Amino acid sequence: MPILNRAAELQDEVAEWRRHIHARPELLFAVENTAAFVAEKLKEFGVDEIVTGIGRTGVVGLIRGKGEGRRTVGLRADMDALPLTEITGKPWASKTPGKMHACGHDGHTAMLLGAAKYLAETRNFNGNVAVIFQPAEEGGGGGNLMVKDGMMERFDIEEVYGMHNLPGLPVGQFAIRKGAIMAATDEFTVTIKGRGGHAAQPHRTIDPIAIGAQIVANLQMIASRTADPISSVVVSVTKFNAGFAHNVIPNDATFAGTVRTLDAEVRTLAETRFRQIVEGLVAAHGAEAEISFHRNYPVTVNHPDETEHAVATASAIAGEANVNAEIDPMMGGEDFSYMLNARPGAFIFIGNGDSAGLHNPAYDFNDEAIAHGISYWVRLAEQRLGA
């Protein structure tokens, strides 16, 4: 079954909504204007129940079907932008310097709004559809807060599904996998406390830069010599700050970065070995260390049955040849993981074509994907809830 005729008819209108949101990016939980735009559209569509302020600034709309079924399926989109300055030059480019929709959340929100309009018009399902518009995916854990606010229980959500665009995947294609599809995103900051002094007399100092350099190099042993070679683990030091003069060894040095894993046991192993390496090397050189290791988003794990439902729906729209049901997992993170920990569901990628990459200042969501995304959401809801 190809894309829905009504979804194709809605594409231009939904693209206008997308461009409106794109031009007015908001960060993390400060998505008040975007959330208000979403709530107003849902009201305009005749959505039965609209609740704002879930997870601080999240919005949930409940659409009741024609039948008397009580099952509720959740469909989720994210609303927040990124702290980047856009360079696309598009007519709808960001009007706010230093903020832009560089990950396509504007497209995700618009596609789910399009699906909500269609579902509110037709109601060709037996049960309820909860359309979930989430703040603060880009590091704020808005999905976690919505779950903690009791969203699943309040709307009796039994299954939950998410979708994200993927540059490089042709428009009209989908990609997914059972099990771990995106990584846990742990973050660390380490401050090495040594003893500063003259650069010409290093023997009178405890050099935190030299110690830090050894630690950074040895942290790569976690991936190469600690974890099973078949397991995926990435340790990246992305900041290293120390010193203030050519001839002074400083008292301390600070470095920070991220650890990415696709398995809970490997995640724990990586943290344990991280601490051992830092503490061991610091002690060996007579220094001290302050370690902050923050467990951020968990692994995004697709549930088997729900993944099969997602594959069947995508295949009905795009054809089996255009659905990769065994995409390689990615080491990026996604806070839809919290919702999948709370309820069974699946997270799928939709093609964005030959665009700039995510989190790139030249990125823009491809409006040609809109009809495909709307069709996926509608067919998935109808499939899971029946007629």
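Residues numbered from 1 in each chain as written. Predicted model: local features only at pLDDT ≥ 70, side-chain atom pairs only at ≥ 80, totals over all residues. Heavy atoms only, no water.

As annotated in an unreviewed UniProt entry, the protein is Hippurate hydrolase from Rhizobium leguminosarum.

*Asks:* Quick question: what am I supposed to make of the nonpolar core here?
*Replies:* Taken as a class, soluble globular proteins show a tendency for nonpolar side chains to be buried jointly. Counting residues in each nonpolar core, the largest one holds 59 residues, and the members touching the most others are L42, L75, F133, F174, Y376 and W377. In this view, F133 contacts V38, L42, G58, V59, A77, M79, T109, L112, L113 and M146; residues no more than four positions away in its chain are not counted. Counting 23 residues, the second largest nonpolar core, distinct from the first, contains V51, M146, L169 and I327. (Core = buried A, V, L, I, M, F, W, Y, C linked by side-chain atoms within 4.5 Å. Buried < 20%, exposed > 50% of the residue type's maximum accessible area, 1.4 Å probe, protein only. Contact = heavy atoms within 4.5 Å.)

*Asks:* Is there a simple way to explain the sheet that holds strand β12 (residues 252–261) in this structure?
*Replies:* Sheet strands line up and pair through hydrogen bonds in the backbone, either parallel or antiparallel. Spatially, β10-β12-β8-β13 is the arrangement adopted by the four strands of the open sheet, whose pairing is antiparallel. In this open sheet, the two strands that pair with only one neighbour each are β10 (233–242) and β13 (288–294). Sheet twist, expressed as the mean angle between neighbouring strand axes with direction ignored, is 15 degrees. By the bridge criterion, 10 bridges tie strand β8 (residues 184–193) to β12 in an arrangement that is antiparallel. Note that in β12 the partner of T185 across the bridge is R260. (Pairing = 2+ DSSP bridges. Helix = DSSP H or I, 4+ residues; strand = E, 2+ residues; numbered from the N terminus. Axes fitted to C-alpha atoms, helices over the stretch in contact; angles between N-to-C directions.)

*Asks:* I would appreciate a short explanation of the sheet that holds strand β3 (residues 72–78) in the present structure.
*Replies:* Taken together, the eight strands give an open sheet; going across it, the order is β1-β2-β4-β3-β5-β16-β6-β15, and neighbouring strands pair in mixed fashion. The open sheet terminates on both sides in strands that have one partner only, identified here as β1 (49–54) and β15 (323–324). Here seven bridges tie β3 to strand β4 (residues 128–134), and the two strands are oriented parallel to one another. Within β4, the position partnered with L75 by the bridge is V131. Across the sheet, helix α3 (residues 105–122) touches β2 (58–64), β3, β4, β5 (157–166) and β16 (345–351), and the angle it forms with β3 is around 145 degrees. Against the sheet, helix α9 (residues 304–318) makes contact with β5, β6 (174–175), β15 and β16, and its axis sits at roughly 30 degrees relative to β16, the strand it touches most.

*Asks:* Looking at this structure, how should I read the pattern of salt bridges?
*Replies:* A side chain of one charge can pair with a side chain of the opposite charge if their charged atoms are brought near each other. Under the definition given, this model contains 24 salt bridges. Between E9 and R6 there is a salt bridge, and its shortest N-O distance comes to 3.5 Å. Pair noted here: E9 and R6 are both in helix α1 (residues 5–23), with a separation of three residues, about one helical turn. Across the pair K117 and E13 runs a salt bridge, and its minimum N-O distance is 3.1 Å. Here K117 is found in helix α3, whereas its partner E13 is found in helix α1, with 104 residues between them in sequence. Put simply, R18, R19, K90, D106, D364 and D367 are held in one network by salt bridges that share partners. (Salt bridge = Lys/Arg side-chain N within 4 Å of Asp/Glu carboxyl O.)

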